[in-house]
Amino acid sequence: MYELGALRAIDEAVDGLDLTRLDGYVGVSSGAFLAAGLANGIGTAEMCRIFITGDSSDIRFRPETFMRPALFEYLRRASRLPALALDWWRGFLPGTGESYAYGTGWSDLLARFGGMVPTGLFDNAEVERFLRDAFSRRGRSNDFRTLERPLFVVAVDLDSGEAVRFGEAGWDDVPISRAIQASAALPGLYPPVEVRGRHFVDGALRRTMHASVLLERDVDLLIGVNPLVPFDASAGDASAGSAQPRRLADGGLPAVLSQTFRTLLQSRMQVGLAGYARQFPHIDQLVFEPNARDGELFFANAFSFSARRRICELAWRNTIDDLTARRQLLEPLLVQHGLSLREAVVDDPGRSLMSGLEDPPPRETDTTARLRRALDDADRIVGGTGGG
């Protein structure tokens, strides 16, 4: 939701930029949802209608799709209990050659029965079905090979730690929906996704952005969104509210784990971007991140879909403020790429995420949607705006 708000702000504030017609896309973890949507011609306004306002005439999003318990995973693990229990009890029988000392009892239990713990709480098969449906109609594609522009979705092989780029040669026959399911399989939240006999998990476990996928293709401008930064609680936050702890340790294990995860991801990304700047000095990098002192964002309930509009609004405002703060540095850079800031957007303090959302277009059939996309493509070609 944060990435969507940030992308919407960039879309509105930067004149001459069409996020659905860039030279290439790479998506990691939840970012793969948005990258694939943009590559399929779904603009940020329509994404807001799908995920925020719920008045899209095209795709119907139901939050419960992403939060259904992984019952099959629970049952599959539980079915192993009788065999494991029998094997364990055999250790007590005379003449088995095994001993069960008191000091090693708990470690033995964990070793024997740890495999019964489910690998994920929620069923990501429903996520794949949702995406497959969205990308299989109205002129969109669930096939990497038929997209007009290259899309790469990164996941990590659980058994080897290898990062795999779905969309590259050799992996481009995997459906986009399946690749996203794998890339967003955050361990503990969703079970690993099996593709070609290999189990894949969240792509962010190896790298945060995987920007090199595009930099190696010699683009001229890299636009990235990193939604996770460590919270700076040292200076306090006037907007944080009394319900938030003054020190992160007071927030218990969830706050500590969240801060640890965010710190690791951001530090790794910063090291990577610094290396890219040296390796690709001719490519400009424009990366957007949240305000590190935004306590409301840090303490937002990640499992609450009712908060998604507020998170998206915070992202929109943070990104607009970022553009404003870096205006003197950004304007010359944007001019080099034929872009500019829209003053009507960045200089309007009363504007919000919802201000830029027009009324939803009239309901279309699959045929009329395909025709509209073809006409839009023809208009861009005639107008000389076919490139990204």
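Residues numbered from 1 in each chain as written. Predicted model: local features only at pLDDT ≥ 70, side-chain atom pairs only at ≥ 80, totals over all residues. Heavy atoms only, no water.

With an unreviewed UniProt entry as reference, the chain is termed Patatin-like phospholipase family protein, source organism Luteimonas vadosa.

Participant: Describe the overall build of the chain, and please don't skip the residues or the numbers.
Facilitator: Helix and strand counts for the chain come out as 15 helices and nine strands. Classification of the 388 residues of the chain by burial places 45% in the buried group. Within the chain, contacts between residues separated by at least 24 positions form 75% of all contacts whose residues are at least 6 apart in sequence. (Helix = DSSP H or I, 4+ residues; strand = E, 2+ residues; numbered from the N terminus. Buried < 20%, exposed > 50% of the residue type's maximum accessible area, 1.4 Å probe, protein only. Contact = heavy atoms within 4.5 Å.)

Participant: Which residues make up helix α10 (residues 252–279), and what are the values?
Facilitator: Its 28 residues place the ends of α10 41 Å apart at the C-alpha level, agreeing with the 40 Å of an ideal helix rising 1.5 Å per residue. Taken together, the buried positions of α10 are Ala255, Gln259, Arg262, Leu265, Gln266, Met269, Leu273, Gly275 and Tyr276. Elements that come into contact with the buried residues of α10 comprise α9 (212–215), β8 (284–288) and α11 (295–298). (Expected span 1.5 Å × (residues − 1).)

Participant: Mind laying out the nonpolar core, listing which residues take part and the relevant values?
Facilitator: Counting residues in each nonpolar core, the largest one holds 76 residues, and the members touching the most others are Leu151, Phe166 and Ile180. One finds Ala211, Leu214, Met269 and Phe280 within the second-largest nonpolar core, a separate group that totals 14 residues. (Core = buried A, V, L, I, M, F, W, Y, C linked by side-chain atoms within 4.5 Å.)

Participant: Run through unusual backbone geometry, naming residues and quoting values.
Facilitator: Of note in the backbone geometry, Arg138 takes a positive phi value of approximately 55° without being a glycine. Of note, Arg138 is situated in the loop between α7 (125–134) and β3 (151–157). Although it is not a glycine, Asp218 sits at a positive phi angle of roughly 60°. The topology assignment puts Asp218 in the loop between α9 and β7 (221–225). The exposure class assigned to Asp218 is exposed, which follows from its relative accessible area of 53%.

Participant: Which residues make up the pattern of salt bridges, and what values do they have?
Facilitator: Counted according to the given criterion, the structure contains 26 salt bridges. A salt bridge links Asp15 to Arg342, with the shortest nitrogen-to-oxygen separation between them at 3.1 Å. One end of the pair, Asp15, is in strand β1 (residues 14–15); the other, Arg342, is in the loop between β9 (340–341) and α14 (343–346), and 327 residues separate them in sequence. Among the residues examined, Asp15 registers a relative accessible area of 36% and is labelled partly exposed. Overall, the relative accessible area of 29% leaves Arg342 in the partly exposed class. Between Arg132 and Glu128 there is a salt bridge whose closest N-O contact spans 2.6 Å. (Salt bridge = Lys/Arg side-chain N within 4 Å of Asp/Glu carboxyl O.)

Participant: Help me get a handle on the state of the cysteines, residues and values and all.
Facilitator: According to the stated counting rule, one finds zero disulfides in the structure shown. Free of any disulfide, Cys48 has its nearest cysteine sulfur in Cys312, 4.8 Å distant. By relative accessible area, which is 0% here, Cys48 ends up buried. (Disulfide = S-S within 2.5 Å.)

Participant: Please provide a residue-by-residue account of the packing of helix α1 (residues 2–13) against helix α2 (residues 31–39), values included.
Facilitator: Contact geometry of α1 with α2 gives a least axis separation of 9 Å together with a crossing angle of 40°. As the angle between them shows, α1 and α2 are arranged oblique. Here the hand of the crossing between α1 and α2 comes out right-handed. Across from Glu3, Leu4 and Leu7 in α1, the residues of α2 making contact are Gly31, Leu34 and Leu38. Grouping the amino acids of the contact of α1 with α2 by side-chain chemistry returns four nonpolar, one polar and one charged. (Axes fitted to C-alpha atoms, helices over the stretch in contact; angles between N-to-C directions. Parallel < 35°, antiparallel > 145°, perpendicular 65-115°, else oblique. Left-handed = near helix turned anticlockwise from the far one by under 90°. Nonpolar A, V, L, I, M, F, W, Y, C, P; charged D, E, K, R; others polar.)

Participant: Can you break down the UniProt feature "active site" (unreviewed entry) in the chain residue by residue, with the values?
Facilitator: Under the UniProt annotation, "active site" (unreviewed entry) lies at Ser29 and Asp202. Across 174 residues, the annotated set stays spatially compact, with a maximum C-alpha separation of 5.5 Å. Position of Ser29 relative to the elements: it lies in the loop between β2 (25–28) and α2. Overall, the relative accessible area of 15% leaves Ser29 in the buried class. Apart from the residues lying within four places of it in its own chain, the contact partners of Ser29 are Ser183, Ala184 and Asp202. Here Asp202 falls in the buried class, since its relative accessible area comes to 3%. Not counting residues within four places of it along the chain, the set of residues in contact with Asp202 comprises Ser29, Val156, Ala182, Ser183, Ala184, Ala185, Leu186 and Pro187. (UniProt positions renumbered as here; feature names shortened; annotations may be inferred.)

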